[in-house]
Amino acid sequence: MTTLSLAEARANLSKLVEAAVTTQEIFEITRNGNRDAVLLSADEYDSLIETIDILGDEETMAQLRVALKEQAEGKMVAVDKETLLASVAARMRE
């Protein structure tokens, strides 16, 4: 995370927004030496909000805990995205 003064952020706002969007970099912005704001991409913001929503949903968290326990016990196996998509496609052809 990069920390910038408000004056630096103001002078380089277009470049900072581009960096936030393309590299997912997060910028802390200070005013009078105090950390007052954070600049991040809209995608990163949306992801944080979604994570907060999931963490705040007791039912979803309970399901995640069960799934993690089952995975640890060997009852399920994690697969990569391509394997999962291939498996779904094969089932749809059946």
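Residues numbered from 1 in each chain as written. Predicted model: local features only at pLDDT ≥ 70, side-chain atom pairs only at ≥ 80, totals over all residues. Heavy atoms only, no water.

## Remarks on the nonpolar core
Then, in step 1: If you look at the biggest cluster of nonpolar residues, it comprises eight residues: Leu 4, Ala 9, Leu 16, Ala 19, Ala 20, Phe 27, Ile 29 and Leu 39.
Then, in step 2: At the level of elements, α2 (13-23) and β2 (27-31) are the ones that each hand at least two residues to this core.
Then, in step 3: Of the residues forming this core, the biggest block, three residues, is contributed by α2.
Then, in step 4: Beyond its immediate stretch of four places on either side in the chain, Leu 39 contacts Leu 16, Val 17, Glu 25, Ile 26, Phe 27 and Ile 29. (Core = buried A, V, L, I, M, F, W, Y, C linked by side-chain atoms within 4.5 Å. Buried < 20%, exposed > 50% of the residue type's maximum accessible area, 1.4 Å probe, protein only. Helix = DSSP H or I, 4+ residues; strand = E, 2+ residues; numbered from the N terminus. Contact = heavy atoms within 4.5 Å.)

## A word on helix α5 (residues 81-93)
Then, in step 1: With 13 residues, α5 ought to run about 18 Å at 1.5 Å a step, and its terminal C-alpha atoms sit 19 Å apart, in line with that.
Then, in step 2: Backbone nitrogen of Glu 82 and a side-chain oxygen of the N-cap are separated by 3.2 Å at the start of α5; the cap is Asp 80. (Expected span 1.5 Å × (residues − 1). Polar contact = N/O pair within 3.5 Å; in protein donor to acceptor, adjacent residues only side chain to side chain.)

## Digging into the environment of Ala 62
Then, in step 1: Position of Ala 62 relative to the elements: it lies in helix α4 (residues 58-72).
Then, in step 2: The sequence separation of Ala 62 and Leu 40 amounts to 22 residues, and the corresponding C-alpha distance is 30 Å.

## What about the environment of Gly 33?
Then, in step 1: Position of Gly 33 among the secondary structure elements: in the loop between β2 and β3 (34-39).
Then, in step 2: By relative accessible area, Gly 33 is classed as exposed at 66%.
Then, in step 3: Separated by 13 residues in the primary sequence, Gly 33 and Asp 46 place their C-alpha atoms 28 Å from one another.

## A closer look at the pattern of salt bridges
Then, in step 1: Summed over all chains, the structure comprises four salt bridges.
Then, in step 2: Across the pair Arg 35 and Glu 28 runs a salt bridge, and its minimum N-O distance is 2.5 Å.
Then, in step 3: A residue is classified by how much of its surface remains accessible, and Glu 28, at 16% relative accessible area, is buried.
Then, in step 4: Because the salt bridges share partners, they merge into one network encompassing Lys 69, Glu 73 and Lys 75. (Salt bridge = Lys/Arg side-chain N within 4 Å of Asp/Glu carboxyl O.)

## Considerations on the sheet that holds strand β1 (residues 2-5)
Then, in step 1: With mixed pairing, three strands are arranged side by side in an open sheet as β1-β2-β3. For this open sheet the edge positions go to β1 and β3, each flanked by a neighbour on one side alone. When the angles between neighbouring strand axes are averaged without regard to direction, this sheet yields 35 degrees.
Then, in step 2: As paired strands, β1 and β2 are joined by four bridges and run parallel to one another. Within β2, the residue paired with Thr 2 across the bridge is Phe 27. (Pairing = 2+ DSSP bridges. Axes fitted to C-alpha atoms, helices over the stretch in contact; angles between N-to-C directions.)

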